[in-house]
Amino acid sequence: MLLENITMPEFIEGLKKTTTVIIPFGTIEEHGTHLPLSTDTIQAVEVARRASDQAPAFVAAPIHYGVCTSTAQHPGTVSITAETLRRLIRDVVRALYKHGLRGFILASGHGGSLHYAAMREVAEELIYELADSKFAVFAIYDMVKWEAEDLIETKHDSHAGELETSDILYLRPDLVKGRDTESYPRRTDPFVARDKFRLWPTGVWGDPGKASPEKGEKSIELMTGKLVEVIKTMETFEP
Ligand SMILES: [Zn+2]
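Scope of this entry: the structure provided in the associated data block. Fair warning: this is a prediction, and the values are worked out from it, not measured in the lab. (Residues numbered from 1 in each chain as written. Predicted model: local features only at pLDDT ≥ 70, side-chain atom pairs only at ≥ 80, totals over all residues. Heavy atoms only, no water.)

1. Details of the coordination of the zinc ion
Every protein donor of the zinc ion is listed here as His 31 (NE2), Asp 40 (OD), Glu 164 (OE) and Glu 164 (OE), and their distances to the metal cover 1.9 to 2.8 Å. Around the zinc ion sit four donor atoms; with metal-centred angles ranging over 51 to 146°, the donor geometry is irregular. Within one chain, the residues serving as donors to the zinc ion are arranged as H-x8-D-x123-E. Of this pair, His 31 sits in the loop between strand E1 (20-25) and helix H2 (39-54) while Glu 164 sits in helix H6 (residues 162-171); the two residues are 133 residues apart in sequence, bridging distant segments of the chain. Summarising the burial analysis for this pair, His 31 and Glu 164 share the class buried. (Donors = N, O, S within 2.8 Å, 3.2 Å for Na, K, Ca; no water. Tetrahedral: all angles 85-135°; square planar, octahedral: opposite > 155°, others 65-115°. Helix = DSSP H or I, 4+ residues; strand = E, 2+ residues; numbered from the N terminus. Buried < 20%, exposed > 50% of the residue type's maximum accessible area, 1.4 Å probe, protein only.)

2. Some remarks on the pairing of E1
Burial analysis of E1 places six of its six residues in the buried class, which makes it a mostly covered element. Here E1 shows a buried face lined by Thr 20, Ile 22 and Pro 24 and a second buried face lined by Val 21, Ile 23 and Phe 25. In the sheet, E1 pairs with strand E3 (residues 103-108) via six bridges, with the strands oriented parallel. Bridged to Ile 22 within E3 is Ile 105. As defined by bridge partners, E1 adjoins strand E2 (residues 58-59) across two bridges and the pair is classed as parallel. Across the sheet, Val 21 pairs through a bridge with Phe 58, a residue of E2. You can see the chain leave E1, run along H2 and come back into E2, and the turn it takes is right-handed. (Pairing = 2+ DSSP bridges. Right-handed = clockwise from strand over helix to strand, strands pointing away.)

3. Topic: unusual backbone geometry
Each neighbour pair has its own omega, and for Asp 189 with Pro 190 the value is 10°, a cis peptide bond. Examined against the element boundaries, Pro 190 turns out to sit in the loop between H6 and helix H7 (196-199). The phi dihedral of Asp 132 falls on the positive side, at around 65°, and the residue is not glycine. Counting through the fold element by element, Asp 132 comes out in the loop between helix H4 (113-129) and strand E4 (134-139). Owing to a relative accessible area of 64%, Asp 132 belongs among the exposed residues under this scheme. The phi dihedral of Ala 160 is positive, around 60°, even though this residue is not glycine. Structurally, Ala 160 is set in the loop between helix H5 (145-151) and H6.

4. Quick word on the nonpolar core
Of all hydrophobic cores here, the largest spans 34 residues; its most connected members are Ile 22, Ile 105, Phe 138, Met 223, Leu 227 and Ile 231. If you list the elements that add at least two residues to this core, you get H2, E3, E4, H5, H6 and helix H8 (213-236). Ranked by the residues each element gives to this core, the list is headed by H8, at seven residues. Those residues in contact with Met 223, other than ones at most four positions away along the chain, are Val 47, Ile 140, Tyr 141, Val 144 and Asp 167. Membership of the second largest hydrophobic core comes to 25 residues, among which are Ile 63, Ile 80, Leu 96 and Phe 135. (Core = buried A, V, L, I, M, F, W, Y, C linked by side-chain atoms within 4.5 Å. Contact = heavy atoms within 4.5 Å.)

5. Let's talk about the environment of Arg 94
By the element assignment, Arg 94 lies in helix H3 (residues 82-98). When sequence neighbours within four positions are dropped, the list of residues in contact with Arg 94 reads Leu 126 and Glu 129. At 2.8 Å, the side chain of Arg 94 and the side chain of Glu 129 are in polar contact. (Polar contact = N/O pair within 3.5 Å; in protein donor to acceptor, adjacent residues only side chain to side chain.)

6. Considerations on the pairing of E3
Within E3, six of the six residues are buried, leaving the element largely enclosed by the surrounding structure. With burial as the criterion, each face of E3 is covered, one bearing Gly 103, Ile 105 and Ala 107 and the other bearing Phe 104, Leu 106 and Ser 108. Where E3 meets E4, six bridges bridge the pair, whose relative direction is parallel. Directly across from Phe 104, in E4, lies its bridge partner Phe 135.

7. Let's talk about the sheet that holds E4
Read from one edge to the other, the open sheet built from four strands follows the order E2-E1-E3-E4, with strand pairing classed as parallel. In this open sheet, the two strands that pair with only one neighbour each are E2 and E4. Sheet strands touched by H2: E1, E2 and E3. Its angle to E1, the strand with the most contacts, is close to 160°. (Axes fitted to C-alpha atoms, helices over the stretch in contact; angles between N-to-C directions.)

8. Here we look at H3
Taking 1.5 Å of rise per residue, 17 residues should cover 24 Å, and H3 covers 24 Å from first to last C-alpha, within 8% of that figure. Looking only at H3, the buried set comprises Leu 85, Arg 86, Ile 89, Arg 90, Val 93, Leu 96 and Tyr 97. One face of H3 carries all of its buried residues, which in axial projection span an arc of 145°. Along H3, exposed side chains directed more than 90 degrees from the buried face belong to Arg 87, Asp 91 and Lys 98. On its buried face, H3 sits against E1, E3, H4 and E4. Immediately beyond the C-terminal end of H3, within one or two residues, lies Gly 100, with a positive phi of roughly 105°. (Expected span 1.5 Å × (residues − 1). Arc of directions from axis to C-beta.)

Below, the structure is given as structure tokens:
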């Protein structure tokens, strides 16, 4: 049940079946020279949509902008502040709550640590503010971290690498423009870098060359399966 496509009566009818809603989170963020800026959103929305076909849940319209730190200077990335994201989540969750929704699954296609922290922080706040509310917060990739290691060949694969490229090759091959080359960022931990573009000009972390639509299909199926589990557990989970 995609909120953006259903009518008011369908929404009321849907509430009889479930009070759980998945809110997909994405970004407009560089993903090398070969993947679309909306890569994270495409994955989150598609996994949410597929999961809601297998277990009853509403799917809210995606939060399409996210907090991007290491890629904020790359052309095309539109990063918002953590404070804006927190306020947006609060407003969206409170509005959905007023309409009767109680289980909130905040599923992110973007794995940035500040982005995730903002999502988590709001859930920690609202769980005390909204009676009978329940929250699950995660990045969809983190749910399949171990399984994905068997699925792909690149050792330290991450942003716009083998896995993400495989996912988009499977979901939206029309948006994949060739393949960028294998590369990795230069890390400065524990120091905070100012010129992040200089440390990671390619914006690719991993090897897109090893990607395939078959790997993407498996990875999307894995993430969908995990999300279905979360939807089902939400019913009985006591916070
Ligand atoms: Zn991504």
